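# Coordinate inspection notes
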Amino acid sequence: MLYDNLIAPFADFEFMRRALIGTVALAFGAPPIGVFLMLRRMSLIGDAMAHAILPGAAIGFLLAGLSLPAMAGGGLVAGFVIAIGAGLIARSTQLKEDASLAALFVISLALGVTIVSLKGSNIDLMHFLFGSVLAIDNSALILILAITSVSLVVLALIWRPLVLDSVDPGFLRTVSRAGAAAHAGFLALVVLNLVGGFQVLGTLLAVGIMMLPAIGARFWARDVTGMIVAAIASALIASYVGLILSFRAELPSGPAIILVAGFIYVLSVGLGPVGGLIWLVLPRRHLEA
Amino acid sequence: MGGILVGNPLKRNEAMPQLRLQNLTLGYDRHPAVHHLDGVVKDGALLAVVGPNGAGKSTLFKGIAGMLKPLAGSIKREGKDDRGVGYLPQAPDIDRSFPIGVYDMVAMGLWRSRGLLSGIAGKDHHTIEAAIAAVGLTGFEARPIGTLSGGQMQRMLFARLIAQDAGLILLDEPFAALDARTSAELLGLVQRWHGEGRTVLAALHDVDLVRAAFPETLLLAREPVAWGRTGAVLTSENLNKAQRMCEAFDEAAEACAVAAE
């Protein structure tokens, strides 16, 4: 019974195994990025960037049909163009980065939907927006694994300036120029992970596996490392349970995974040991000193 | 238009120049906040920068720290001291909700020697512990910065300056909103740095404190009013003059004629 529900789907079906490997890889790459987005008060930037990659992926789709390399490549280019463009506008005018990004990403979204509708049907559009976790082929799997590996290595390299740029950017500017580079590298990681996620979860839900576990992790740990561990753990649980749920209940897998992640998030807000709502109801007595 | 320099910075034959300001104009949107400042800060000087609100003290420090490009003129670091600049702004742009502890914040002072990747080694742990002990925060190493009081925060930032081991230290209103004991202890650190031959510039508004502890003073009111020995600079005549010089930008100001040499 337990075997039938928890293991058999993956033992019996190759597409479930692929889906599991893909989502597990995503669960290692994206949540740490999400933790830094949250701590840098950029939680909505992931959403904006997810929209920004759409026209690139759409142009890839227009030229080569539903081909992963074309769509992923186009998505990467579009994401980088928007990220760099927003950064340049922010640095050379009085606009802040969030404002210039907000302006560019809606333009990008409108452009993307227009391009998809030039050629594709509504079903193509749905595939774009919500992905299809059950149709991951080898090239998609390799892409996701490569993105996760690059993402973890680069994050380790830019960790120190990234933390410093988040806490005390003014100080970092007086000792080093690494802040701008770390910020740019970090935005590149956001784009990379969204492109990795959009094949599985779609452009609209890719940001879910990045942000939901990360935001919930704030209720489980007090330091950055602990938050990242908690975020990865909850993303792994969401991936596994979401896939089982979608298999058993015949739900679309992307939304199923994100809904489980959302459920974990709600649990964290309610019961998390670091400032969860439950501690409002069960106040503990203050300490002596 | 030009600033009147009452006496030059302390003549000490043995001291090399640390900082040379030449016809320096700093400001925002072309409006000068520091206007035509000339002078030399000697290596190892302990210089107070005094002036009314809006006199350009913070702007001057931002310029020296390299955060603001001069509208005209130049700031040159001279001399053989290449230990970098330690800059403590008046209102540091610190995200106090970020989950990081006192120890890690102080460790950031080691950036110049450790950079991007090299690990914090045994000797560094000693440096960090010593810096934390010097500001009296021993026992607070693991405390998240969000739980510190204003005074403890300033102590922590001083500890980071100690770890930074800078040759030129810029302190913008370092004792504002601190109680007497904290100010006295931090002033002790400033004097220790002076004794170690570092060059220290501090923007201050407490004239009595400056008279008691700072040998040299620059009195600034957008334009330099006086620069030299503290006793000669902080006369009531000079202070009144500084007070009279207006604070507001003149929106209709003409382009400055002095700038075109």
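Here's a quick rundown of the structure. Owing to the predicted nature of the structure, the values given are computational and were not obtained by experimental measurement.

### Considering the overall build of chain B
Broken down by element type, chain B carries nine helices and nine strands. Here chain B holds 261 residues, and 42% of them are scored as buried. Taking as baseline every contact in chain B between residues at least 6 positions apart, the subset at least 24 positions apart corresponds to 74%.

### A few points about the nonpolar core
Grouped together as the largest cluster of nonpolar side chains are 162 residues, with contacts concentrated most on Ile53 and Ile209 of chain A together with Leu170 of chain B. Setting aside anything within four residues of it in sequence, one finds leucine 170 of chain B in contact with Phe61, Ile64, Ala65, Val85, Gly86, Tyr87, Leu88 and Leu201 of chain B.

### Let's talk about helix α6 (residues 68-92) of chain A
Residues and elements named next belong to chain A. The terminal C-alpha atoms of α6, which comprises 25 residues, lie 36 Å apart, in line with the 36 Å expected from a rise of 1.5 Å per residue. Residues Met71, Ala72, Gly74, Gly75, Leu76, Ala78, Gly79, Ile82, Ala83 and Ala86 constitute the buried set of α6. Where α6 is buried, its residues touch α4 (43-52), α5 (54-64), α7 (97-119), α9 (138-167) and α11 (178-217).

### Description of the interface of chain B and chain A
Between chain B and chain A, the residue contacts involve 17 residues of the former and 19 residues of the latter. Contributing elements (two or more residues each) for the side of chain B that touches chain A: β5 (85-88) and α3 (111-114) of chain B. A per-class count over the side of chain B that touches chain A returns 14 nonpolar, no polar and three charged.

### Overview of the environment of isoleucine 144 of chain A
Residues and elements named next belong to chain A. Checked against the element boundaries, isoleucine 144 lands in helix α9. On the basis of neighbour count, isoleucine 144 is assigned to the buried category, with 26 C-beta atoms found within 10 Å. It is 9.1 Å that separates the C-alpha atoms of isoleucine 144 and glycine 29, two residues lying 115 residues apart in sequence.

### Brief notes about unusual backbone geometry
Residue and element names in this part refer to chain B. The backbone phi angle of aspartate 29 is positive, close to 50 degrees, even though this residue is not glycine. Locating aspartate 29 in the fold gives a position in the loop between β1 (17-28) and β2 (31-42). Overall, the presence of 7 C-beta atoms within 10 Å leaves aspartate 29 in the exposed class. Phi at glutamate 173 takes a positive value of approximately 45 degrees, unusual for a residue other than glycine.

### Focus on the environment of alanine 146 of chain A
Residue and element names in this part refer to chain A. Mapping alanine 146 onto the fold places it in helix α9. Its 13 C-beta neighbours within 10 Å are what place alanine 146 among the partly exposed residues. Along the backbone, alanine 146 and glycine 56 are 90 residues apart, and their C-alpha atoms lie at a distance of 20 Å.

Rules of the game
- Residues numbered from 1 in each chain as written.
- Chains lettered and ligands numbered in written order.
- Predicted model: local features only at pLDDT ≥ 70, side-chain atom pairs only at ≥ 80, totals over all residues.
- Helix = DSSP H or I, 4+ residues; strand = E, 2+ residues; numbered from the N terminus.
- Buried ≥ 20, exposed ≤ 12 C-beta atoms within 10 Å, placed from the backbone.
- Contact = placed C-beta atoms within 7 Å.
- Core = buried A, V, L, I, M, F, W, Y, C linked by C-beta atoms within 7 Å.
- Expected span 1.5 Å × (residues − 1).
- Nonpolar A, V, L, I, M, F, W, Y, C, P; charged D, E, K, R; others polar.

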